[in-house]
Amino acid sequence: MDEQTEEDDWFIESLHMYTDLHVFELQDPTRVIGWTSDKSVCVAGYKAAKVHEILELLLPQKLSAKDNQGLCPERDFKVLHGGFSEDSVNCLTHISGTRCVVTSGDPGSSLHLWHIGGEDCDVLKKIGDIHLKTETKSVCKLASGVAGAPSVLHGSQISDIELTDLTSRKLLYTAGEDASDKVSGLQFVDASVFVVCTDGGDLCLGDVRDPSGLRRVPLGEHGGSHWCMDLKKDGVSCSVARLSSSSQVVVSDLRDLRSAFSQAQLNIQPENTSCEFLSVTWAPVLDNCLAVSALDGLVHIYDTTSWRPDSSEAPALFVHRGHVMSPGSEADAGASLVTTHAWHPWRPRTLLSAAMDGSLHVWDWVEKRMTS
């Protein structure tokens with residue numbers, strides 16, 4: 001089967017696979033999709049260039065309406081606000097309760113604070129910098145404070161994890177650790193407690209009220225890979241999913257991190273050896289579902305309900321192949337590599353995904369039970 005026929009077949013098949021599929025082409029590829037409201041996201045360029053666009057995009061009207069509004073005239077993304085960054089944007093977080101985002105660039109650069117204009121202004125403007133106490137050797141990860149004055153938790157390795165007040169730029173907390181482990185993820189559990197995932201897969205628990213240090217929980221027998229994580233809070237429980245570059249997922253309960261609640265070997269043959277964009281995310285309103293990307297040019301959805309403490313192979317619930325099927329992707333396999341993905345905050349089966357060719361997709365897949 002030639003490539004054009006495969007693309008045509010996928011297009012016909014997609015009519016039955018998706019409730020919605022919207023495609024947008026960015027001027028530069030993005031590795032960040034940060035929600036600024038339940039209807040808008042921020043994206044930003046990261047590849048080597050003199051300037052990089054940073055944009056707030058409004059989702060297509062059909063995907064923004066909570067009620068059935070029939071035919072929607074607007075079926076494309078709309079640029080609400082925009083600006084330019086002299087640095088690559090490798091990590092971005094929206095600051096809770098504000099119209100601000102914080103970005104981190106290449107290793108060694110400062111953090112940047114941006115203000116998103118209102119309805120009467122279409123500018124996304126840089127309003128300040130956060131200068132780091134040590135020169136970072138890897139991308140600085142970010143997490144927005146969830147209570148009190150606007151703040152951001154940041155760090156590229158365990159030894160430089162800090163919490164900074166964004167109004168005064170004062171240092172509110174430092175982890176006080178000498179460990180040089182690379183940070184692959186940072187997330188708050190509540191107003192004070194946060195979780196760190198190291199590149200080697202260890203988890204560390206910290207409390208911004210306690211500067212005595214972090215409590216480390218080693219990954220254990222799973223070694224030799226790069227790891228990332230995502231956190232899901234569900235009432236009193238909190239689940240941590242870790243994804244490895246060798247296609248393994250380990251799910252742990254925050255109350256007992258020393259043993260796996262469940263785990264699985266995913267049916268993915270990794271094609272990307274850099275692990276630069278490795279990502280796992282929990283679905284916010286679809287129980288026990290998670291998405292993984294950057295192991296290949298696809299986004300894979302899994303239902304963890306049947307997973308057990310002993311690792312076993314896990315079939316995908318759904319696979320988005322849209323970036324691989326984009327025109328020109330067959331000529332450059334690297335162009336279809338997914339750089340990031342994000343779940344819609346309230347539509348159960350809707351995700352956004354971006355790839356190295358600058359494509360940005362938003363898609364809502366059809367549940368198999370609905371078509372059987």
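Before reading further, recall that the structure is shown in the block above.
Residues numbered from 1 in each chain as written. Predicted model: local features only at pLDDT ≥ 70, side-chain atom pairs only at ≥ 80, totals over all residues. Heavy atoms only, no water.

### Considerations on the sheet that holds strand E16 (residues 203-207)
To keep things clear, this is the line we draw: The pairing criterion for strands is at least two bridges between them, as found by DSSP. A run of DSSP states H or I qualifies as a helix once it reaches four residues; a run of E qualifies as a strand once it reaches two. Both are numbered from the N-terminal end. As a rule, the C-alpha atoms of each element are fitted with a line to give its axis, helices using only the stretch in contact, and angles between N-to-C directions run from 0 to 180 degrees.
With antiparallel pairing, four strands are arranged side by side in an open sheet as E14-E15-E16-E17. The two strands at the open ends of the sheet, each matched to only one other strand, are strand E14 (183-188) and strand E17 (210-217). The mean angle between the axes of side-by-side strands here comes to 20 degrees, regardless of whether they run parallel or antiparallel. As paired strands, E16 and E17 are joined by four bridges and run antiparallel to one another. Opposite aspartate 207, over in E17, you have aspartate 210 as the bridge partner.

### A look at the nonpolar core
Cut-off, in case you're wondering: What makes a nonpolar core is a set of buried Ala, Val, Leu, Ile, Met, Phe, Trp, Tyr and Cys residues whose side-chain atoms join them at distances within 4.5 Å. For each residue, the accessible area found with a 1.4 Å probe, counting protein chains only, is set against the maximum for its type, and the residue is called buried under 20%, exposed over 50%, and partly exposed in between. Contact between two residues is taken to exist if any of their heavy atoms lie within 4.5 Å; hydrogens are not considered.
Counting 17 residues, the largest nonpolar core has Leu243, Leu266, Leu290, Val292, Tyr302 and Trp307 as the members making the most contacts within it. Of all the elements in the fold, those that place two or more residues in this core are strand E19 (237-244), strand E20 (248-253), strand E21 (262-266), strand E22 (279-282) and strand E23 (289-293). Other than its neighbours up to four places away in sequence, tryptophan 307 contacts Val249, Val251, Ser262, Gln263, Ala264, Leu266, Tyr302 and Ala314.

### Describing the environment of alanine 179
Tracing the chain through its elements places alanine 179 in the loop between strand E13 (171-174) and E14. Sequence separation between alanine 179 and isoleucine 158 is 21 residues; the distance between their C-alpha atoms is 5.5 Å. Residues within four places of alanine 179 in sequence aside, it is in contact with Ile158, Ser159 and Arg216.

Distances and angles like these do not, on their own, reveal function.
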